[in-house]
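Summary of the model geometry
Residues per chain are reported as follows:
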Amino acid sequence: MTKIIDGKAVAKKVNAQTATAVADLVAQGIQPGIAVIIVGDDAASQIYVRNKNRKATKLGMHSVVRQLPATTTQAELLAIIADYNADESIHGILVQSPLPAQINEPLVTMAIDPKKDVDGFHPSNVGKLLTNFPGNYPVANTPRGIMTMLHEYGVDPAGKTAVVIGRSTIVGKPMAALLTNANATVTIAHSKTADLKAVARTADILVVATGIAHLITGDDIKPGATVIDVGMDRDENGKLVGDVDFESAQGVAGLITPVPGGVGPMTIATLMQTTVELAKWSDVRE
Ligand code: NAD
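Residues numbered from 1 in each chain as written. Predicted model: local features only at pLDDT ≥ 70, side-chain atom pairs only at ≥ 80, totals over all residues. Heavy atoms only, no water.

**Details of the domain arrangement of the protein**
The assigned domain composition of the protein is domain 1 (29-114) and domain 2 (141-264). Taking the mean C-alpha position of each, domain 1 and domain 2 sit 29 Å from one another. (Domains from an automatic or database assignment.)

Take a look at the structure:
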(Lines give C-alpha, C1' and ligand atoms only; values in the text may rest on other atoms or scores of the structure.)
Protein backbone atom coordinates (compact mmCIF):
# COMPACT_ATOMS: atom_id res chain seq x y z
CA MET A 1 0.00 0.00 0.00
CA THR A 2 1.35 3.39 -0.96
CA LYS A 3 0.73 6.16 1.52
CA ILE A 4 0.30 9.70 0.22
CA ILE A 5 2.25 12.48 1.90
CA ASP A 6 -0.19 15.31 2.52
CA GLY A 7 1.89 18.41 1.84
CA LYS A 8 -1.10 20.67 2.42
CA ALA A 9 -1.66 19.30 5.92
CA VAL A 10 2.02 19.65 6.87
CA ALA A 11 2.06 23.17 5.41
CA LYS A 12 -0.99 24.05 7.50
CA LYS A 13 0.81 22.90 10.63
CA VAL A 14 3.95 24.91 9.72
CA ASN A 15 1.82 27.99 8.95
CA ALA A 16 0.08 27.74 12.34
CA GLN A 17 3.51 27.70 14.04
CA THR A 18 4.59 30.65 11.89
CA ALA A 19 1.48 32.67 12.83
CA THR A 20 2.28 32.11 16.52
CA ALA A 21 5.93 33.08 16.00
CA VAL A 22 4.84 36.26 14.16
CA ALA A 23 2.49 37.20 17.02
CA ASP A 24 5.29 36.65 19.56
CA LEU A 25 7.66 38.88 17.59
CA VAL A 26 5.02 41.56 17.08
CA ALA A 27 4.49 41.58 20.86
CA GLN A 28 8.22 42.34 21.15
CA GLY A 29 7.91 45.20 18.66
CA ILE A 30 9.23 43.37 15.58
CA GLN A 31 6.89 42.69 12.66
CA PRO A 32 8.58 40.25 10.27
CA GLY A 33 8.77 41.83 6.82
CA ILE A 34 9.34 40.36 3.37
CA ALA A 35 10.00 42.21 0.12
CA VAL A 36 9.41 40.38 -3.13
CA ILE A 37 10.81 42.01 -6.25
CA ILE A 38 9.41 41.00 -9.61
CA VAL A 39 10.83 42.20 -12.89
CA GLY A 40 8.60 41.94 -15.96
CA ASP A 41 5.23 40.25 -16.35
CA ASP A 42 5.84 36.50 -16.54
CA ALA A 43 2.37 35.05 -15.86
CA ALA A 44 3.45 32.18 -13.58
CA SER A 45 5.72 34.51 -11.55
CA GLN A 46 2.82 36.94 -11.07
CA ILE A 47 0.74 34.13 -9.55
CA TYR A 48 3.59 32.91 -7.29
CA VAL A 49 4.25 36.44 -6.06
CA ARG A 50 0.56 37.11 -5.42
CA ASN A 51 0.30 33.88 -3.40
CA LYS A 52 3.40 34.71 -1.35
CA ASN A 53 2.08 38.20 -0.62
CA ARG A 54 -1.36 36.90 0.43
CA LYS A 55 0.13 34.24 2.69
CA ALA A 56 2.56 36.67 4.36
CA THR A 57 -0.21 39.18 5.02
CA LYS A 58 -2.52 36.45 6.34
CA LEU A 59 0.16 35.32 8.79
CA GLY A 60 0.49 38.88 10.13
CA MET A 61 3.69 39.90 8.37
CA HIS A 62 4.64 43.11 6.63
CA SER A 63 4.70 42.23 2.93
CA VAL A 64 5.89 44.40 0.08
CA VAL A 65 5.65 43.50 -3.60
CA ARG A 66 7.84 45.63 -5.82
CA GLN A 67 6.73 45.27 -9.44
CA LEU A 68 9.36 46.54 -11.88
CA PRO A 69 9.12 46.90 -15.66
CA ALA A 70 10.81 44.33 -17.94
CA THR A 71 13.15 47.12 -19.08
CA THR A 72 14.64 47.59 -15.58
CA THR A 73 18.43 47.85 -15.75
CA GLN A 74 20.89 45.90 -13.65
CA ALA A 75 21.93 49.11 -11.88
CA GLU A 76 18.33 50.02 -11.05
CA LEU A 77 17.64 46.57 -9.63
CA LEU A 78 20.83 46.58 -7.54
CA ALA A 79 19.91 50.02 -6.16
CA ILE A 80 16.48 48.74 -5.08
CA ILE A 81 18.04 45.71 -3.40
CA ALA A 82 20.46 48.03 -1.59
CA ASP A 83 17.48 50.03 -0.30
CA TYR A 84 15.83 46.90 1.11
CA ASN A 85 19.17 45.75 2.58
CA ALA A 86 19.16 49.00 4.57
CA ASP A 87 15.42 48.94 5.40
CA GLU A 88 14.90 47.76 8.99
CA SER A 89 11.26 46.84 8.35
CA ILE A 90 12.36 44.21 5.80
CA HIS A 91 13.93 40.94 7.03
CA GLY A 92 13.68 38.84 3.88
CA ILE A 93 14.34 39.87 0.27
CA LEU A 94 13.33 37.65 -2.63
CA VAL A 95 13.94 38.40 -6.29
CA GLN A 96 11.53 36.30 -8.31
CA SER A 97 13.01 34.41 -11.23
CA PRO A 98 13.06 34.28 -14.21
CA LEU A 99 14.72 37.65 -14.74
CA PRO A 100 14.97 39.45 -18.12
CA ALA A 101 18.11 38.84 -20.19
CA GLN A 102 19.78 42.18 -19.33
CA ILE A 103 19.93 41.19 -15.64
CA ASN A 104 22.88 39.17 -14.37
CA GLU A 105 21.21 36.77 -11.93
CA PRO A 106 24.31 35.67 -9.96
CA LEU A 107 25.16 39.34 -9.30
CA VAL A 108 21.62 39.90 -8.02
CA THR A 109 21.95 36.90 -5.70
CA MET A 110 25.27 38.29 -4.42
CA ALA A 111 23.76 41.75 -3.84
CA ILE A 112 21.24 40.58 -1.25
CA ASP A 113 22.48 40.87 2.34
CA PRO A 114 23.08 37.20 3.37
CA LYS A 115 21.16 37.97 6.58
CA LYS A 116 18.10 38.88 4.45
CA ASP A 117 18.58 36.12 1.87
CA VAL A 118 15.20 34.45 2.41
CA ASP A 119 15.75 32.06 -0.53
CA GLY A 120 19.07 30.85 0.88
CA PHE A 121 20.76 31.25 -2.52
CA HIS A 122 23.63 33.57 -1.50
CA PRO A 123 26.97 31.73 -1.83
CA SER A 124 27.70 32.56 1.80
CA ASN A 125 24.59 30.68 2.93
CA VAL A 126 25.07 27.89 0.39
CA GLY A 127 28.62 27.46 1.72
CA LYS A 128 27.31 27.24 5.28
CA LEU A 129 24.82 24.56 4.24
CA LEU A 130 27.53 22.58 2.45
CA THR A 131 29.86 22.71 5.44
CA ASN A 132 26.98 22.00 7.85
CA PHE A 133 28.08 25.18 9.59
CA PRO A 134 26.76 25.66 13.12
CA GLY A 135 24.46 28.58 13.82
CA ASN A 136 21.56 30.24 12.07
CA TYR A 137 21.34 30.85 8.33
CA PRO A 138 18.66 30.50 5.65
CA VAL A 139 18.45 27.34 3.53
CA ALA A 140 16.65 26.98 0.18
CA ASN A 141 12.96 26.61 1.00
CA THR A 142 11.90 23.80 -1.34
CA PRO A 143 14.46 21.26 -0.08
CA ARG A 144 14.06 22.43 3.48
CA GLY A 145 10.29 21.95 3.21
CA ILE A 146 10.94 18.43 1.91
CA MET A 147 13.06 17.70 4.99
CA THR A 148 10.14 18.88 7.15
CA MET A 149 7.76 16.53 5.33
CA LEU A 150 10.16 13.59 5.74
CA HIS A 151 10.38 14.36 9.45
CA GLU A 152 6.59 14.63 9.80
CA TYR A 153 6.16 11.22 8.16
CA GLY A 154 8.83 9.58 10.32
CA VAL A 155 11.37 9.12 7.50
CA ASP A 156 14.84 9.43 9.00
CA PRO A 157 17.44 9.74 6.21
CA ALA A 158 20.26 8.41 8.43
CA GLY A 159 21.81 5.30 6.90
CA LYS A 160 19.43 5.36 3.93
CA THR A 161 20.34 5.53 0.26
CA ALA A 162 19.01 8.75 -1.26
CA VAL A 163 18.98 9.69 -4.93
CA VAL A 164 18.29 13.27 -5.98
CA ILE A 165 17.50 13.66 -9.68
CA GLY A 166 18.30 17.25 -10.70
CA ARG A 167 21.31 19.37 -9.77
CA SER A 168 19.91 22.92 -9.75
CA THR A 169 21.07 25.47 -7.20
CA ILE A 170 17.52 25.97 -5.96
CA VAL A 171 16.46 22.35 -5.50
CA GLY A 172 18.83 19.48 -6.38
CA LYS A 173 22.13 20.61 -4.87
CA PRO A 174 20.76 21.96 -1.55
CA MET A 175 18.52 18.87 -1.29
CA ALA A 176 21.58 16.62 -1.61
CA ALA A 177 23.43 18.70 1.00
CA LEU A 178 20.53 18.51 3.49
CA LEU A 179 20.21 14.75 3.03
CA THR A 180 23.98 14.34 3.41
CA ASN A 181 23.93 16.45 6.58
CA ALA A 182 21.12 14.17 7.81
CA ASN A 183 23.44 11.16 7.29
CA ALA A 184 21.95 9.66 4.13
CA THR A 185 24.23 8.20 1.46
CA VAL A 186 23.44 10.52 -1.43
CA THR A 187 23.75 10.29 -5.20
CA ILE A 188 22.99 13.29 -7.41
CA ALA A 189 21.72 12.26 -10.84
CA HIS A 190 21.06 14.59 -13.78
CA SER A 191 20.54 14.85 -17.52
CA LYS A 192 23.92 13.25 -18.26
CA THR A 193 23.58 10.34 -15.84
CA ALA A 194 24.11 6.95 -17.49
CA ASP A 195 21.24 4.54 -16.80
CA LEU A 196 19.22 6.95 -14.71
CA LYS A 197 16.52 4.37 -14.06
CA ALA A 198 18.96 1.89 -12.52
CA VAL A 199 20.32 4.67 -10.29
CA ALA A 200 16.79 5.67 -9.27
CA ARG A 201 15.99 2.07 -8.31
CA THR A 202 18.75 2.11 -5.66
CA ALA A 203 16.97 4.84 -3.68
CA ASP A 204 15.25 4.41 -0.34
CA ILE A 205 14.51 8.13 -0.67
CA LEU A 206 14.03 9.36 -4.24
CA VAL A 207 13.70 13.10 -4.88
CA VAL A 208 12.87 14.03 -8.46
CA ALA A 209 13.35 17.66 -9.57
CA THR A 210 13.84 17.80 -13.32
CA GLY A 211 10.83 19.58 -14.83
CA ILE A 212 10.14 16.60 -17.12
CA ALA A 213 6.60 15.25 -16.83
CA HIS A 214 6.43 11.60 -15.77
CA LEU A 215 10.18 11.00 -16.20
CA ILE A 216 10.06 8.42 -13.41
CA THR A 217 7.57 5.55 -13.45
CA GLY A 218 6.76 2.73 -11.03
CA ASP A 219 9.40 0.50 -12.69
CA ASP A 220 12.13 2.94 -11.63
CA ILE A 221 11.16 2.91 -7.96
CA LYS A 222 12.52 0.55 -5.31
CA PRO A 223 9.57 -1.15 -3.59
CA GLY A 224 8.72 0.69 -0.39
CA ALA A 225 10.79 3.79 -1.26
CA THR A 226 9.82 7.30 -0.22
CA VAL A 227 9.25 9.32 -3.40
CA ILE A 228 9.30 13.12 -3.38
CA ASP A 229 8.07 14.71 -6.60
CA VAL A 230 9.21 18.32 -6.96
CA GLY A 231 8.19 18.74 -10.60
CA MET A 232 5.46 21.12 -11.64
CA ASP A 233 4.90 20.19 -15.24
CA ARG A 234 2.08 20.21 -17.78
CA ASP A 235 0.97 17.03 -19.50
CA GLU A 236 -0.29 16.92 -23.10
CA ASN A 237 -3.72 18.12 -21.91
CA GLY A 238 -2.28 21.07 -20.02
CA LYS A 239 -2.94 19.43 -16.63
CA LEU A 240 -0.49 20.10 -13.78
CA VAL A 241 1.52 16.91 -13.18
CA GLY A 242 4.80 15.93 -11.57
CA ASP A 243 8.07 14.38 -12.71
CA VAL A 244 6.81 11.04 -11.36
CA ASP A 245 4.01 9.04 -12.94
CA PHE A 246 1.81 8.97 -9.86
CA GLU A 247 -0.42 6.12 -11.08
CA SER A 248 2.30 3.59 -11.87
CA ALA A 249 4.08 4.51 -8.60
CA GLN A 250 1.01 3.35 -6.67
CA GLY A 251 1.61 0.00 -5.01
CA VAL A 252 5.40 0.34 -5.46
CA ALA A 253 6.38 3.42 -3.45
CA GLY A 254 5.93 3.27 0.31
CA LEU A 255 5.28 7.01 0.57
CA ILE A 256 4.76 9.54 -2.22
CA THR A 257 4.00 13.23 -2.58
CA PRO A 258 1.18 14.13 -4.99
CA VAL A 259 1.28 16.98 -7.53
CA PRO A 260 -0.42 19.25 -6.71
CA GLY A 261 -0.66 19.13 -2.92
CA GLY A 262 2.81 17.86 -2.04
CA VAL A 263 6.01 19.88 -2.31
CA GLY A 264 4.32 23.08 -3.60
CA PRO A 265 2.40 24.08 -0.45
CA MET A 266 5.46 23.24 1.66
CA THR A 267 7.70 25.59 -0.31
CA ILE A 268 5.58 28.63 0.42
CA ALA A 269 5.01 27.62 4.07
CA THR A 270 8.78 27.22 4.50
CA LEU A 271 9.41 30.60 2.87
CA MET A 272 7.17 32.17 5.51
CA GLN A 273 8.91 30.20 8.26
CA THR A 274 12.30 31.42 7.01
CA THR A 275 11.14 35.05 6.93
CA VAL A 276 10.14 34.86 10.57
CA GLU A 277 13.43 33.23 11.50
CA LEU A 278 15.38 36.00 9.73
CA ALA A 279 13.37 38.56 11.73
CA LYS A 280 14.09 36.67 14.96
CA TRP A 281 17.80 36.36 14.20
CA SER A 282 18.00 40.06 13.28
CA ASP A 283 17.12 40.84 16.87
CA VAL A 284 20.02 38.88 18.33
CA ARG A 285 22.10 41.54 20.03
CA GLU A 286 25.72 40.58 19.63
P1 NAD B 1 16.23 23.25 -13.48
O2 NAD B 1 15.73 23.29 -14.87
O3 NAD B 1 17.07 24.34 -12.94
O4 NAD B 1 17.01 21.88 -13.25
C5 NAD B 1 16.55 20.67 -13.78
C6 NAD B 1 17.53 19.58 -13.47
O7 NAD B 1 17.03 18.37 -13.99
C8 NAD B 1 18.91 19.79 -14.08
O9 NAD B 1 19.90 19.65 -13.09
C10 NAD B 1 19.04 18.69 -15.13
O11 NAD B 1 20.35 18.12 -15.17
C12 NAD B 1 18.04 17.66 -14.65
N13 NAD B 1 17.46 16.95 -15.78
C14 NAD B 1 16.90 17.49 -16.89
N15 NAD B 1 16.53 16.52 -17.74
C16 NAD B 1 16.84 15.34 -17.15
C17 NAD B 1 16.70 13.98 -17.54
N18 NAD B 1 16.15 13.63 -18.71
N19 NAD B 1 17.14 13.04 -16.70
C20 NAD B 1 17.70 13.38 -15.52
N21 NAD B 1 17.85 14.64 -15.10
C22 NAD B 1 17.42 15.62 -15.90
O23 NAD B 1 14.91 23.04 -12.60
P24 NAD B 1 14.60 23.32 -11.04
O25 NAD B 1 14.51 24.76 -10.81
O26 NAD B 1 15.49 22.50 -10.18
O27 NAD B 1 13.13 22.72 -10.98
C28 NAD B 1 12.85 21.37 -11.29
C29 NAD B 1 11.35 21.15 -11.29
O30 NAD B 1 10.87 21.42 -10.00
C31 NAD B 1 10.56 22.08 -12.22
O32 NAD B 1 9.43 21.36 -12.69
C33 NAD B 1 10.09 23.19 -11.31
O34 NAD B 1 8.91 23.80 -11.76
C35 NAD B 1 9.85 22.41 -10.05
N36 NAD B 1 9.95 23.22 -8.83
C37 NAD B 1 8.93 23.10 -7.95
C38 NAD B 1 8.97 23.77 -6.76
C39 NAD B 1 7.85 23.61 -5.81
O40 NAD B 1 7.77 24.34 -4.84
N41 NAD B 1 6.97 22.65 -6.03
C42 NAD B 1 10.08 24.58 -6.44
C43 NAD B 1 11.13 24.67 -7.34
C44 NAD B 1 11.06 23.96 -8.53
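**Topic: the sheet that holds strand β4 (residues 92-95)**
Within the open sheet, the three strands sit side by side as β3-β2-β4. Their pairing is parallel. Across the chains shown, the open sheet's two edge strands, defined by having one partner strand only, are β3 (62-68) and β4. Within this sheet the neighbouring strands show an average axis-to-axis angle of 15°, counted without direction. Across seven bridges, the pairing between strand β2 (residues 33-39) and β3 is parallel. Paired with I34 across the two strands is S63, which belongs to β3. Relative to the sheet, helix α2 (residues 43-58) contacts β2, β3 and β4, its axis offset from that of β3 by approximately 160°. On top of the sheet, helix α3 (residues 74-86) reaches β2, β3 and β4; it is set at about 175° to β2, its chief contact. (Pairing = 2+ DSSP bridges. Helix = DSSP H or I, 4+ residues; strand = E, 2+ residues; numbered from the N terminus. Axes fitted to C-alpha atoms, helices over the stretch in contact; angles between N-to-C directions. Contact = heavy atoms within 4.5 Å.)

**A short note on the nonpolar core**
In this structure, I146, L150, L179, V207, I228 and V230 are the most contacted members of the largest nonpolar core, which totals 30 residues. Contributions of two or more residues to this core are made by α1 (7-27), α6 (141-152), β5 (161-165), α7 (172-181), β7 (205-208) and α10 (263-282). Ranked by residues supplied to this core, first place goes to α7 with five residues. Residue contacts for V230: discarding those within four places in its chain leaves T142, I146, V171, V207, V208, A209 and V263. Ranked by size, the runner-up nonpolar core spans 18 residues in total, among them V49, A56, L94 and L278. (Core = buried A, V, L, I, M, F, W, Y, C linked by side-chain atoms within 4.5 Å. Buried < 20%, exposed > 50% of the residue type's maximum accessible area, 1.4 Å probe, protein only.)

**Considering the environment of L179**
Secondary-structure assignment places L179 in helix α7. By relative accessible area, L179 is classed as buried at 0%. Here the alpha-carbon distance between L179 and L107, two residues 72 residues apart in the chain, equals 28 Å. Beyond its immediate sequence surroundings of up to four residues, L179 is in contact with M147, L150, P157, A162, V164, A184, V186 and V207.

**Description of the pairing of β7**
The side-chain alternation of β7 yields two buried faces, one formed by I205 and V207 and the other by L206 and V208. Inspection of the sheet shows β5 paired to β7 by four bridges, in the parallel sense. For V164, the partnering residue across the bridge sits in β7 and is V207. Pairing analysis gives four bridges linking β7 to strand β8 (residues 226-229), with the strands arranged parallel. Bridge pairing links V208 to D229 in β8.

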